[in-house]
Amino acid sequence: MSEFLNMGGYAFYVWSAFGFSTLVMTILLIQPLLQHAQAWREAEALHDHDGERR
Amino acid sequence: MTEKRTMHPLLKWFYRLGAPAWFYPFAGKLLPWLGGLFLLLLVPGLYLGLWHAPADYQQGDSFRIMYVHVPAAWLSMFVYFAMAVSAVIALVWRVRMAEIMIISSAPIGAGFALIALVSGALWGKPMWGAWWVWDARLTSELILLFIYLGIIALYNAIDERRSAGRAMSLLTLVGVVNLPIIHYSVVWWNTLHQGATVSKFDTPSIHIDMLIPLLLMAAAFKVFYGWAMLLKMRAHLLEQDLHCGWVKERIFNAQKMPRKNSTGRVANQGHKHE
């Protein structure tokens, strides 16, 4: 296992590359989810009780 | 058929207005499938690439960076190609959904261009002895990243969404010239970057145990693009159409339905409406 993590001496380069990719891809998923949640809250505030008040 | 061709402009307008009402839930249904397929390709790709594939005889284990570097670089170009096709559709037929697709794809393309550049630097340092060289392949990929950022900046700089969409589509088409430059940069110029090893059709100069995880990771990244793009498109559609009927309807339906974690009181209220 430690041999695997060591990556033949290239541990820093290999794991940094995979770690950075994971970070960017996570942001590419989380950001749209937050943007969507924000828009959904705005839409709810806009249309809330729309039917009842009239 | 002929009815549709001579469709009244007002009907056409309704048709266009109706599109997000159909697209938004359709994309929502696709999301879990794309996420699942992504993991299904990613997990064996990572296992075979990081663990099972033998170390390279020249580069040792550092070659494993290839499994994010190459799929990311391929995807950064694939995303741009898809955006360019969408830009033609947006400009010729003035389809709003095509504009939404472009602006939703641009940050993903930028993200993968960045992954390609950073992982390339992390590979270049131990192999070439330099994080960065002003080489044709590296420079043209850096320009691709800047074009992506330019497209996003242009879209956000113009207030009216459709004008922004048209300007962005034009810029996307202009930037297409960079794609062949990236691809042939290793052929046209003397470069430190290695040439193609997979797309040589006669004999790919890569061992099969190394190639299979590469193809798995490349497929996983392509699916990820579809997944992340649909998420972003849904966010943009909702954000831009806050006042539209289809959003109002979705909010109304969501509030009418009893929530899973709701108390009995709320559930009863839902029942009373029936």
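Residues numbered from 1 in each chain as written. Chains lettered and ligands numbered in written order. Predicted model: local features only at pLDDT ≥ 70, side-chain atom pairs only at ≥ 80, totals over all residues. Heavy atoms only, no water.

> Teacher, can you tell me more about the environment of B:S105 here?
All names here are of chain B. Here S105 shows up in helix α4 (residues 96–128). Residue S105 is classed as buried on the basis of its relative accessible area, which comes to 0%. For the pair S105 and Y148, spaced 43 residues apart in sequence, the C-alpha separation works out to 9.2 Å. Those residues in contact with S105 that lie beyond four places of it in its chain are V79, M83, Y225 and M229. (Helix = DSSP H or I, 4+ residues; strand = E, 2+ residues; numbered from the N terminus. Buried < 20%, exposed > 50% of the residue type's maximum accessible area, 1.4 Å probe, protein only. Contact = heavy atoms within 4.5 Å.)

> Help me understand the confidence of the model for chain A, please; the structure alone is not making it clear to me.
Low-pLDDT stretches of the model should not have their predicted coordinates read in fine detail. With 89% of its residues at a pLDDT of 70 or more, chain A has an overall mean of 90. Summarising per-element confidence for chain A, the mean pLDDT is lowest in helix α3 (residues 50–53) of chain A (50) and highest in helix α2 (residues 11–47) of chain A (97). (pLDDT = per-residue confidence, 0-100.)

> Just checking my understanding: could you explain a nonpolar patch on the surface for this structure?
Residue and element names in this part refer to chain B. Taken together, the side chains of F81, V85, V88, I89, V92, W93 and L173 define a hydrophobic patch exposed on the protein surface, amounting to about 650 Å² of accessible area. By the element assignment, L173 lies in helix α6 (residues 161–174). Given the relative accessible area of 32%, L173 is considered partly exposed. (Patch = residues over 30% accessible without salt bridge, like charges linked within 9 Å, V, L, I, M, F, W, Y side chains within 5 Å. Areas by Shrake-Rupley, 256 points an atom, 1.4 Å probe, with all protein chains shown as cover. Salt bridge = Lys/Arg side-chain N within 4 Å of Asp/Glu carboxyl O.)

> Hey, could you run me through helix α5 (residues 136–157) of chain B in this one?
Side chains that are three or four residues apart share a direction in an α-helix, a result of its 3.6 residues per turn. Residues and elements named next belong to chain B. Compared with the 32 Å implied by 1.5 Å per residue over 22 residues, the 31 Å span of α5 between its first and last C-alpha is a close match. Taken residue by residue, α5 has A136, R137, L138, S140, E141, L142, L144, L145, I147, Y148, I151 and Y155 as its buried positions. Elements that come into contact with the buried residues of α5 comprise α3 (66–93), α4, α6, α7 (178–188) and α8 (208–240). (Expected span 1.5 Å × (residues − 1).)

> Quick question: what am I supposed to make of the packing of α4(B) against α5(B) here?
A packed helix pair is summarised by two numbers, namely the angle formed by the two axes and the spacing between the axes. Residues and elements named next belong to chain B. It is at 9 Å that the axes of α4 and α5 come closest, and there the two elements cross at 155°. Judged by the inter-axis angle, α4 sits roughly antiparallel to α5. Between α4 and α5 lies a crossing of left-handed hand. Within the contact between the two elements, α4 uses I103, A106, P107, G109, A110, A113, L114, A116, L117 and W128 and α5 uses L138, E141, L142, L145, Y148, L149, I151, I152 and Y155. Taken together, the residues that form the contact of α4 with α5 break down as 17 nonpolar, one polar and one charged. (Axes fitted to C-alpha atoms, helices over the stretch in contact; angles between N-to-C directions. Parallel < 35°, antiparallel > 145°, perpendicular 65-115°, else oblique. Left-handed = near helix turned anticlockwise from the far one by under 90°. Nonpolar A, V, L, I, M, F, W, Y, C, P; charged D, E, K, R; others polar.)

> Sorry, what's going on with the interface of chain A and chain B here?
By a widely used convention, the size of an interface equals the accessible area lost when the partners come together. Contacts between the two partners involve 33 residues from chain A, matched on the other side by 47 residues from chain B. Each partner contributes to the roughly 3500 Å² buried at the junction of chain A and chain B, and carbon and sulfur atoms together form 79% of this total. It is A:Y13, A:F18 and A:M25 in chain A that bury the most area against chain B; as a group they hold 18% of the surface buried on that side. Between chain A and chain B we count zero salt bridges in total. (Buried area = accessible area lost by both parts, 1.4 Å probe.)

> Please clarify how the side chain of B:N178 should be interpreted in this entry.
All names here are of chain B. Mapped onto the elements, N178 comes out in helix α7. Judged by its relative accessible area of 6%, N178 is buried. Contacts of N178, omitting those with residues within four sequence positions, involve S140, I143, L144 and I147.

> Explain the pattern of salt bridges here, please?
Close approach of charged atoms allows side chains of opposite charge to pair. Residues and elements named next belong to chain B. If you walk through the whole model with that rule in mind, you get three salt bridges over all chains. Across the salt bridge formed by D61 and R64, the nearest N and O atoms sit 2.8 Å from each other. Here R64 falls in the buried class, since its relative accessible area comes to 4%. With a shortest N-O distance of 2.8 Å, R96 and D241 are connected by a salt bridge. Residue R96 is located in helix α4, and its partner D241 is located in the loop between α8 and α9 (245–256); the two are separated by 145 residues in the primary sequence. On the accessibility criterion, D241 (5% relative accessible area) is buried.

> Explain the packing of aromatic side chains here, please?
The description of an aromatic ring pair rests on the distance of the ring centres and on the angle between the ring planes. As enumerated under the stated definition, the model contains 18 aromatic pairs over all chains in all. Each ring, one from A:F4 and one from A:W15, has its centre 5.7 Å from the other, and the planes form 70°; the classification is edge-to-face. Of this pair, A:F4 sits in helix α1 (residues 2–6) while A:W15 is found in helix α2, placing the two residues 11 residues apart along the sequence. Judged by its relative accessible area of 28%, A:W15 is partly exposed. These aromatic residues form a ring-pair network of at least three members: B:F38, B:F112, B:F221, B:F224 and B:W227. Sitting over the ring of B:F78, B:K222 keeps its end group 5.2 Å from the ring centre. Sitting above the plane of the B:Y24 ring, B:R234 keeps its charged end 4.0 Å from the centroid. (Phe/Tyr/Trp six-rings, centres within 6.5 Å; stacked < 30°, edge-to-face > 60°. Lys NZ or Arg CZ within 6 Å of the ring centre and 35° of its normal.)

> Help me understand the side chain of B:S104, please; the structure alone is not making it clear to me.
Residues and elements named next belong to chain B. The residue S104 is located in helix α4 in this model. Since its relative accessible area comes to 0%, S104 is described here as buried. Apart from residues no more than four positions distant in its own chain, S104 is found in contact with M229, K232, M233 and H236.

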